[in-house]
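Residue-level listing of the chains:
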Amino acid sequence: MALDAARARANTAARAGQEGARMDGLQARTRWMALLALFVFAVMMLLFALQLAAIDAQVEDRPDLWAHFLPTPFYLYAVGAVWWALRSISAGKGFAPQVARLLRRVGLALAVGGMIELVGQNLLPVFLTRAPLFELDSTAIAIAIVGAGLWAMSELIDEARAARDELDSFV
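An account of the accompanying structure is given in this report. The residue numbering used here restarts from 1 in each chain and proceeds along that chain's sequence as written. It should be noted that, the model being predicted, local features are given only for residues of pLDDT at least 70 and side-chain atom pairs only at 80 or more, the latter also being counted only at that level, while totals for whole chains, interfaces and linings use all residues. To get the side-chain values, all heavy atoms of the structure are used, and hydrogens and water are removed first.

This part covers the packing of helix 3 (residues 97-129) against helix 4 (residues 138-170). Where helices are involved, their axes are fitted lines through C-alpha atoms of the stretch in contact, as for all axes, and angles between N-to-C directions lie from 0 to 180°. Numbering of helices and strands starts at the N terminus; helices are DSSP runs of H or I of at least 4 residues and strands are runs of E of at least 2. The N-to-C vectors of helix 3 and helix 4 enclose an angle of 165°; their axes lie 7 Å apart at closest approach. On the basis of their axis angle, the class for helix 3 and helix 4 is roughly antiparallel. Considering only the axes of helix 3 and helix 4, their crossing is left-handed. Here the contact of helix 3 with helix 4 is built from residues that sort into 18 nonpolar, five polar and five charged. We call two directions roughly parallel when the angle between them is under 35 degrees, roughly antiparallel when it is over 145, roughly perpendicular when it lies between 65 and 115, and oblique otherwise. Left-handed describes a crossing whose near helix is turned anticlockwise from the far helix by less than a right angle; the clockwise case is right-handed. Only Asp, Glu, Lys and Arg are considered charged, only Ala, Val, Leu, Ile, Met, Phe, Trp, Tyr, Cys and Pro nonpolar, and every remaining residue, Gly among them, polar.

Below, the structure written as C-alpha coordinates:
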(Lines give C-alpha, C1' and ligand atoms only; values in the text may rest on other atoms or scores of the structure.)
Protein backbone atom coordinates (compact mmCIF):
# COMPACT_ATOMS: atom_id res chain seq x y z
CA MET A 1 0.00 0.00 0.00
CA ALA A 2 2.76 2.42 0.98
CA LEU A 3 4.71 1.37 -2.10
CA ASP A 4 1.76 2.23 -4.39
CA ALA A 5 1.38 5.64 -2.74
CA ALA A 6 5.11 6.31 -3.20
CA ARG A 7 4.91 5.33 -6.90
CA ALA A 8 1.88 7.58 -7.40
CA ARG A 9 3.73 10.53 -5.82
CA ALA A 10 6.78 9.83 -8.00
CA ASN A 11 4.65 9.66 -11.15
CA THR A 12 2.90 12.89 -10.20
CA ALA A 13 6.25 14.62 -9.61
CA ALA A 14 7.60 13.35 -12.94
CA ARG A 15 4.52 14.58 -14.79
CA ALA A 16 4.77 17.95 -13.06
CA GLY A 17 8.42 18.23 -14.14
CA GLN A 18 7.52 17.43 -17.76
CA GLU A 19 4.68 19.95 -17.72
CA GLY A 20 6.99 22.57 -16.22
CA ALA A 21 9.53 22.02 -19.00
CA ARG A 22 6.77 22.29 -21.62
CA MET A 23 5.50 25.51 -20.03
CA ASP A 24 9.02 27.01 -20.05
CA GLY A 25 9.32 26.26 -23.78
CA LEU A 26 5.85 27.68 -24.41
CA GLN A 27 6.65 30.82 -22.47
CA ALA A 28 9.87 31.36 -24.42
CA ARG A 29 8.09 30.86 -27.76
CA THR A 30 5.21 33.15 -26.85
CA ARG A 31 7.65 35.83 -25.70
CA TRP A 32 9.10 35.92 -29.24
CA MET A 33 5.61 35.77 -30.78
CA ALA A 34 4.55 38.70 -28.59
CA LEU A 35 7.47 40.76 -29.85
CA LEU A 36 6.56 39.88 -33.42
CA ALA A 37 2.92 40.81 -32.81
CA LEU A 38 4.03 44.15 -31.33
CA PHE A 39 6.20 44.82 -34.39
CA VAL A 40 3.31 43.98 -36.74
CA PHE A 41 0.99 46.23 -34.72
CA ALA A 42 3.45 49.14 -34.90
CA VAL A 43 3.95 48.73 -38.67
CA MET A 44 0.18 48.45 -39.26
CA MET A 45 -0.44 51.57 -37.15
CA LEU A 46 2.21 53.54 -39.03
CA LEU A 47 0.88 52.44 -42.43
CA PHE A 48 -2.69 53.23 -41.42
CA ALA A 49 -1.68 56.74 -40.31
CA LEU A 50 0.18 57.31 -43.59
CA GLN A 51 -2.81 56.04 -45.59
CA LEU A 52 -5.19 58.32 -43.73
CA ALA A 53 -2.92 61.29 -44.41
CA ALA A 54 -2.73 60.41 -48.10
CA ILE A 55 -6.45 59.78 -48.51
CA ASP A 56 -7.37 63.16 -47.08
CA ALA A 57 -6.06 64.82 -50.24
CA GLN A 58 -7.92 62.42 -52.57
CA VAL A 59 -11.30 62.20 -50.86
CA GLU A 60 -12.89 64.88 -53.07
CA ASP A 61 -12.24 62.82 -56.20
CA ARG A 62 -13.32 59.45 -54.75
CA PRO A 63 -15.53 59.56 -51.66
CA ASP A 64 -15.75 55.74 -51.68
CA LEU A 65 -12.11 55.49 -50.59
CA TRP A 66 -13.12 55.77 -46.93
CA ALA A 67 -14.88 52.39 -47.18
CA HIS A 68 -11.53 50.68 -47.69
CA PHE A 69 -10.31 51.87 -44.31
CA LEU A 70 -13.38 51.04 -42.20
CA PRO A 71 -12.25 47.55 -41.09
CA THR A 72 -8.66 48.59 -40.30
CA PRO A 73 -9.31 49.85 -36.73
CA PHE A 74 -10.93 46.50 -35.91
CA TYR A 75 -7.93 44.63 -37.29
CA LEU A 76 -5.55 46.89 -35.37
CA TYR A 77 -7.46 46.19 -32.18
CA ALA A 78 -7.32 42.44 -32.89
CA VAL A 79 -3.53 42.50 -33.41
CA GLY A 80 -3.09 44.56 -30.23
CA ALA A 81 -5.22 42.12 -28.24
CA VAL A 82 -3.22 39.18 -29.64
CA TRP A 83 -0.04 40.92 -28.49
CA TRP A 84 -1.50 41.40 -25.02
CA ALA A 85 -2.69 37.76 -24.85
CA LEU A 86 0.74 36.48 -25.92
CA ARG A 87 2.32 38.61 -23.21
CA SER A 88 0.00 37.04 -20.65
CA ILE A 89 0.78 33.52 -21.86
CA SER A 90 4.52 34.21 -21.77
CA ALA A 91 4.09 35.32 -18.16
CA GLY A 92 2.63 31.89 -17.32
CA LYS A 93 -1.04 32.83 -17.35
CA GLY A 94 -2.15 30.32 -20.01
CA PHE A 95 -5.59 29.61 -18.55
CA ALA A 96 -6.09 32.96 -16.87
CA PRO A 97 -9.49 34.58 -17.36
CA GLN A 98 -7.86 37.52 -19.11
CA VAL A 99 -6.48 35.28 -21.90
CA ALA A 100 -9.96 33.93 -22.67
CA ARG A 101 -11.36 37.46 -22.50
CA LEU A 102 -8.68 38.73 -24.91
CA LEU A 103 -9.33 35.87 -27.34
CA ARG A 104 -13.03 36.72 -27.20
CA ARG A 105 -12.21 40.33 -28.06
CA VAL A 106 -9.88 39.27 -30.88
CA GLY A 107 -12.63 37.05 -32.28
CA LEU A 108 -15.22 39.81 -32.06
CA ALA A 109 -12.89 42.37 -33.66
CA LEU A 110 -12.02 40.01 -36.53
CA ALA A 111 -15.66 39.02 -37.07
CA VAL A 112 -16.87 42.63 -37.12
CA GLY A 113 -13.93 43.79 -39.26
CA GLY A 114 -14.50 40.94 -41.70
CA MET A 115 -18.22 41.69 -41.97
CA ILE A 116 -17.54 45.41 -42.48
CA GLU A 117 -15.01 44.55 -45.15
CA LEU A 118 -17.42 42.13 -46.80
CA VAL A 119 -20.30 44.60 -46.87
CA GLY A 120 -18.40 47.88 -47.28
CA GLN A 121 -15.77 46.85 -49.78
CA ASN A 122 -17.22 43.83 -51.54
CA LEU A 123 -21.01 43.75 -51.59
CA LEU A 124 -21.78 47.48 -51.64
CA PRO A 125 -20.02 48.07 -54.99
CA VAL A 126 -21.81 45.02 -56.41
CA PHE A 127 -25.20 46.48 -55.49
CA LEU A 128 -24.44 50.14 -56.27
CA THR A 129 -22.44 49.87 -59.48
CA ARG A 130 -23.63 46.49 -60.76
CA ALA A 131 -20.07 45.18 -60.58
CA PRO A 132 -19.72 41.46 -61.27
CA LEU A 133 -20.10 39.18 -58.27
CA PHE A 134 -17.07 37.08 -59.22
CA GLU A 135 -14.85 39.90 -57.91
CA LEU A 136 -16.05 39.10 -54.41
CA ASP A 137 -13.08 38.82 -52.04
CA SER A 138 -13.31 35.65 -49.98
CA THR A 139 -10.66 36.87 -47.54
CA ALA A 140 -13.20 38.95 -45.63
CA ILE A 141 -15.45 35.93 -45.22
CA ALA A 142 -12.53 33.84 -43.96
CA ILE A 143 -11.49 36.54 -41.49
CA ALA A 144 -15.03 36.75 -40.12
CA ILE A 145 -15.23 32.96 -39.73
CA VAL A 146 -11.84 32.80 -38.00
CA GLY A 147 -13.04 35.53 -35.64
CA ALA A 148 -16.16 33.54 -34.80
CA GLY A 149 -13.96 30.47 -34.23
CA LEU A 150 -11.70 32.37 -31.83
CA TRP A 151 -14.75 33.52 -29.93
CA ALA A 152 -15.86 29.90 -29.57
CA MET A 153 -12.36 28.83 -28.47
CA SER A 154 -12.36 31.48 -25.76
CA GLU A 155 -15.50 29.89 -24.36
CA LEU A 156 -13.73 26.53 -24.45
CA ILE A 157 -10.82 28.00 -22.46
CA ASP A 158 -13.28 29.29 -19.86
CA GLU A 159 -14.80 25.82 -19.55
CA ALA A 160 -11.35 24.18 -19.31
CA ARG A 161 -10.33 26.60 -16.58
CA ALA A 162 -13.52 25.87 -14.65
CA ALA A 163 -12.95 22.10 -15.00
CA ARG A 164 -9.34 22.47 -13.84
CA ASP A 165 -10.45 24.49 -10.82
CA GLU A 166 -13.05 21.85 -9.99
CA LEU A 167 -10.47 19.05 -10.27
CA ASP A 168 -7.98 21.01 -8.18
CA SER A 169 -10.58 21.33 -5.43
CA PHE A 170 -10.66 17.53 -5.10
CA VAL A 171 -6.92 17.23 -4.56
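Let us now look at the packing of aromatic side chains. For Phe, Tyr and Trp, rings pair up if their centres lie within 6.5 Å, where Trp contributes its six-membered ring, and each pair is then called stacked (planes under 30 degrees apart), edge-to-face (over 60) or tilted (otherwise). What the rule picks out here adds up to two aromatic pairs. Both rings, one in Phe48 and one in Phe69, keep their centres 6.4 Å apart while their planes meet at 50°; by these two values the pair is tilted. One end of the pair, Phe48, is in helix 1 (residues 2-58); the other, Phe69, is in the loop between helix 1 and helix 2 (72-90), with 21 residues separating them in the sequence. The pair Phe48 / Phe69 is uniform in exposure class, with both members buried. Between Trp83 and Trp84, the ring centres sit 5.4 Å apart and the planes meet at 70°, which makes this aromatic pair edge-to-face. The buried label goes to any residue with under 20% of its type's maximum accessible area, the exposed label to any with over 50%, and the partly exposed label to all in between, with areas taken from a 1.4 Å probe on protein chains only. You can call Trp83 partly exposed: its relative accessible area is 22%. You can call Trp84 partly exposed: its relative accessible area is 40%. Consider the ring centre and the ring normal. A charge sits over the ring if Lys NZ or Arg CZ is within 6 Å of that centre and within 35 degrees of that normal. In this structure, Arg87 is placed above the aromatic ring of Trp84, and the distance from its NZ or CZ to the ring centre is 4.4 Å.

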